[in-house]
Amino acid sequence: MGVQAGQAGGELINEMFAGQGRILILDYPDMEIIVDRVNGLRDGALEVAPDSVVVGNRLGGTRPLGYASVKAALEEGLDFNTILSLNDAGSFGAIQALEEAGIDPDDIVISSVDAEALAREYIRQGHFLRASVSVDRESVAQAAVNATIRLLAGSAMPETLIVPPGPVITATNVDDVD
């Protein structure tokens, strides 16, 4: 999921900023699986827009954390034009901070993960959030049921179940993808 959201961010950087991204990453370093997602965000963006630089990592993961981190980055004068967020919740807080600072939605773009209903609305409007990777909730639910059945049967299970992400939601497909 992280790689796909990062690649979508890289495409936005190429399209909107001539490949010159200054990336702020909203992460949550206390959870190893989130660190893997965040590494994917960075790697995916730099793969697609290799002339970009990561200007910092800040705490995200929730609306209040995303808000506080982006507000502080703006107050410090950190120069960024792209936010890669580990999830939509952090993005929503970032958007609130950007709105309060009076920043134009064409000056900073966000790529994220979850493709929640509000995220899709922001994508539809072109309001900061331009891409979000959909979580394939049906696959997650099926994997959870299958894992539960295997555990109840006494079968061995891997520590981590990998469920493929859904599609990347952008303005071109926001109304076509469930």
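What you see is a predicted model; the values in this text were computed from it and never measured.

Chemist: Outline the nonpolar core, supporting the account with residue identities and numerical values.
Modeler: Val70, Phe80, Ile83, Leu98, Ile110 and Leu129 are the most contacted members of the largest nonpolar core, which has 22 residues in total. Looking at this core, the elements with two or more residues in it are β1 (22-27), α3 (63-75), α4 (88-100) and α5 (117-125). Among residues more than four places away in sequence, those in contact with Leu129 are Asp88, Ser91, Phe92, Ile95, Ile110, Ser111, Ser112, Ala119, Tyr122 and Ile123. If you look at the next biggest cluster of nonpolar residues, it comprises 14 residues, including Ala5, Ile13, Ala49 and Leu86.

Chemist: Please give an account of the sheet that holds strand β3 (residues 82-85) that cites residues and values.
Modeler: One key point about sheets: their strands pair by backbone hydrogen bonds, in either a parallel or an antiparallel sense. Pairing within the open sheet is mixed, and its 6 strands lie in the order β2-β1-β3-β4-β5-β6. Edge positions in the sheet fall to β2 (53-59) and β6 (168-170), since each of these pairs with one other strand and no more. Taken over all neighbouring pairs, the strand axes of this sheet differ in orientation by 20° on average, direction set aside. The strands touched by helix α1 (residues 2-17) within the sheet are β1, β3, β4 (109-114), β5 (129-134) and β6, with β4 carrying the most contacts at an inclination of about 160°. Each of β1, β2, β3 and β4 is contacted by helix α2 (residues 32-48), which is oriented at about 165° to β1, the strand it contacts most.

Chemist: Could you give me a rundown of the pattern of salt bridges, with the residues and numbers involved?
Modeler: Close approach of charged atoms allows side chains with opposite charge to pair. Evaluated as defined, the whole model comprises 7 salt bridges. Residue Arg42 is joined to Asp43 by a salt bridge in which the shortest nitrogen-to-oxygen separation is 3.0 Å. Among the residues examined, Arg42 registers a relative accessible area of 29% and is labelled partly exposed. Of the charged contacts in the structure, one is a salt bridge between Glu75 and Lys71, with a shortest N-O distance of 4.0 Å. Of this pair, Glu75 and Lys71 both sit in helix α3, 4 residues apart, which is roughly one turn of that helix. Judged by its relative accessible area of 60%, Glu75 is exposed. The class for Lys71 is partly exposed, based on a relative accessible area of 32%.

Rules behind the numbers
- Residues numbered from 1 in each chain as written.
- Predicted model: local features only at pLDDT ≥ 70, side-chain atom pairs only at ≥ 80, totals over all residues.
- Heavy atoms only, no water.
- Core = buried A, V, L, I, M, F, W, Y, C linked by side-chain atoms within 4.5 Å.
- Buried < 20%, exposed > 50% of the residue type's maximum accessible area, 1.4 Å probe, protein only.
- Helix = DSSP H or I, 4+ residues; strand = E, 2+ residues; numbered from the N terminus.
- Contact = heavy atoms within 4.5 Å.
- Pairing = 2+ DSSP bridges.
- Axes fitted to C-alpha atoms, helices over the stretch in contact; angles between N-to-C directions.
- Salt bridge = Lys/Arg side-chain N within 4 Å of Asp/Glu carboxyl O.

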